[in-house]
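Examining the three-dimensional arrangement
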Amino acid sequence: MMSDFGKVFLIGAGPGDPGLLTLRGKEILERADVVVYDRLVSPAILSMCNANAKMVDVGKMPTHHKVKQSEINKLLVQFAQEYPQGIIARLKGGDPFVFGRGGEEALELVDADVEFEIVPGITSAISVPAYAGIPVSHRGIATSFHIITGHEKENAELSLDFEALAKCPGTLIFLMGIANMDFIARRLIECGKDPKTPLAFIEKGTTPYQRTVMATLETAGETIVRENVTAPAITIMGGVVELGKTLAWKKNLPLSGKRLVVTRAAKQSSGISTRLAALGAEVIETPMIETRTLDKPLVVCHPERSEAKSKDLDQNCSADFNALANFDILAFTSTNGVESFFKQLFDAGCDVRVLAGKKIASVGKITEKKLLEYGIRCDYVPEDHTAEGLGKLLASLPADSHLEPNGESKILLLQGNLADDTLLKYLPHATRWIVYETLPVSDLPEWKREAVATADAIVFASTSAVNNFVKLSASADLEFKPLAFCIGRMTESAAKEHGFNTVVSEETTMESLVKKIVEYFGRN
Ligand code: SAH
């Protein structure tokens, strides 16, 4: 008999670049009930996790208390018991079975009769050299490679067979070895390895902070001190290291090494986030608002009362899907609107057949595409993809297609609580249903706090984003670097008021702001 416990997935997060997480890993994270994660996992990967998952940090910075391995093992079992049928994701840097102690965790799960699955990850041992242009094997240079832990601090002599390692002709790759590398290099030389063996330290490989420092076996120790090589870093030794001089392909980009917080809603921010990331920055998307699908659509009965916004939601009455029969045209102005409407429709026990014969209108291409996911093709999409264009288009239809003989509108608008009245200007008699609401974000998850606190700057696109960010950081007791890139003068003055050093874009466009950010970091 299978136990009723949740299932634990030991997932490798890869070396840092979020693109190096496996598809299987991502799929599990999106469905996880609990995510137990390590210090080396990047914020970009944490932000892929199910927004409702319980996030448990077991690898705080070295200065903080770190959860002991035996406690982690116990925690996994405990979560599996607490979440029957649940998904517990144990997210580890690189590959879970390469110096990741994944084996120990799996043994504990077997003992406790908890089902588990291993989702391998791309290990840093191979991928970090690859990002530095160093192939771990190469015809004629290295026919084997060896991955070694350099960790056993006091006992390095005991656990490593330096005689054997010194004789080994393959590439040697040390993980966790920076603190002991001086000792390791000297022992290898003593045991006969060529002191001129080329060697590279690769720090924070595959992340925007990646750095390669070249040395030889005999200069290893002094190079670490001089160049201040710090963990996480790997050390790779052997002839293949020379290839890195020719094959290093990862370019230093204008924003390499910069961590930027973008405070727009995730869906809006992707434009600027993608651009900043393409310029080398690590982007922490921290939306200041979130949307929530209402349990049922609410009818905004009278257009005159359409200013009934979030606070007044309770005063509107909930809609009945039978009332859909009164409308011939359904108009959507956002993907959120589409998703929320269909969720409510399905939750009410209906399906798309209730839309048979109706005409469907969408404000633009993205919303149109979202509708297609539900099997619905749009009849009306304005060429300019604006609410104004949509209003004009629908108002210009033959009267009998959208008006009853008595003048009542047959148009239903499906919108969020903050939608403005543009459409109603053109379609004054249309009925509006509010299907989702927009709320200020009221809490920052723990892992985001750390990311925000260590960011180089914060990007604001509206005064409300500034105000909400300040409120949020005060309640989270968060300190951060007060450098703000602002779009528009209004946003800038709000940020100044809160003590930020500000840089403002020339124009109120994202392009202009991105240009400004690049200019700023180019100079500083
Ligand atoms: N399971 C991991 C290794 C865990 S041990 C894996 O398969 O990659 C942690 C060590 O991995 C660090 O001390 C460092 O040596 C190495 N490491 C992990 N990520 C790294 C990165 N992005 N850049 C350089 N070294 C990294």
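Residues numbered from 1 in each chain as written. Predicted model: local features only at pLDDT ≥ 70, side-chain atom pairs only at ≥ 80, totals over all residues. Heavy atoms only, no water.

Brief notes about the pairing of strand β2 (residues 34-37)
- Taking every second residue as pointing to the same face, both faces of β2 are buried, with Val34 and Val36 on one and Val35 and Tyr37 on the other.
- Looking at chain direction, β2 and strand β3 (residues 54-57) are connected through four bridges and run parallel. Note on β3: the bridge partner recorded for tyrosine 37 is aspartate 57.
- The pairing of β2 with strand β4 (residues 87-92) spans four bridges and is classified as parallel. Within the sheet, the bridge partner assigned to tyrosine 37 lies in β4 and is leucine 91. (Buried < 20%, exposed > 50% of the residue type's maximum accessible area, 1.4 Å probe, protein only. Helix = DSSP H or I, 4+ residues; strand = E, 2+ residues; numbered from the N terminus. Pairing = 2+ DSSP bridges.)

Re the nonpolar core
- Counting 24 residues, the largest nonpolar core has Leu172, Phe174, Leu188, Phe201 and Met237 as the members making the most contacts within it.
- Contributions of two or more residues to this core are made by α7 (162-167), β7 (171-175), α8 (181-190), β8 (198-203), β9 (211-216), α9 (220-227) and β10 (233-237).
- Take this core: its biggest share by element is four residues, from α8.
- The contacts of leucine 188, once residues within four sequence positions are left out, are Phe162, Leu165, Ala166, Leu172, Phe174, Lys193, Leu217 and Met237. (Core = buried A, V, L, I, M, F, W, Y, C linked by side-chain atoms within 4.5 Å. Contact = heavy atoms within 4.5 Å.)

Regarding the domain arrangement of the chain
- Domain boundaries in the chain define domain 1 (7-122), domain 2 (126-247), domain 3 (259-288 + 441-523) and domain 4 (317-431).
- One C-alpha centre belongs to domain 2, the other to domain 4, and the line joining them spans 62 Å. (Domains from an automatic or database assignment.)

Comments concerning the sheet that holds strand β5 (residues 116-119)
- Pairing within the open sheet is parallel, and its five strands lie in the order β3-β2-β4-β1-β5. Every interior strand has two partners, whereas the edge strands, β3 and β5, have only one. Recorded for the sheet is a direction-independent mean angle of 15° between the axes of neighbouring strands.
- Contacting β1 (7-12), β2, β3 and β4, helix α3 (residues 69-82) crosses the sheet at an angle of about 155° to β4. (Axes fitted to C-alpha atoms, helices over the stretch in contact; angles between N-to-C directions.)

What to know about the pattern of salt bridges
- One pass over the structure, following the stated rule, counts 32 salt bridges.
- For glutamate 115, the salt bridge identified is with lysine 7, shortest N-O distance 3.6 Å. Separated by 108 residues along the polypeptide, glutamate 115 in the loop between α4 (102-111) and β5 and lysine 7 in strand β1 bring together distant segments of the chain.
- Under the relative-accessibility criterion, glutamate 115 is labelled partly exposed at 37%.
- Sharing partners across several salt bridges, the network here consists of Lys7, Arg24, Glu27, Arg31, Glu115 and Glu117. (Salt bridge = Lys/Arg side-chain N within 4 Å of Asp/Glu carboxyl O.)

Regarding the side chain of lysine 516
- Position of lysine 516 among the secondary structure elements: in helix α20 (residues 510-523).
- Each residue touching lysine 516, except ones within four places of it in the same chain, is listed here: Val503, Val504, Ser505 and Glu506.

Some thoughts on the packing of aromatic side chains
- Counted by the stated rule, this structure contains 18 aromatic pairs.
- Seen from their ring centres, phenylalanine 332 and phenylalanine 341 are 5.6 Å apart, and the 70° between their planes marks the pair as edge-to-face. Residues phenylalanine 332 and phenylalanine 341 agree in their burial class; the two are buried.
- An angle of 80° between the planes, with centres 5.4 Å apart, marks the rings of phenylalanine 460 and phenylalanine 500 as edge-to-face. In this pair, phenylalanine 460 sits in strand β19 (residues 457-460) while phenylalanine 500 sits in the loop between α19 (489-497) and β21 (501-504), placing the two residues 40 residues apart along the sequence. Across the pair, phenylalanine 500 and phenylalanine 460 agree in class, each one buried. (Phe/Tyr/Trp six-rings, centres within 6.5 Å; stacked < 30°, edge-to-face > 60°.)

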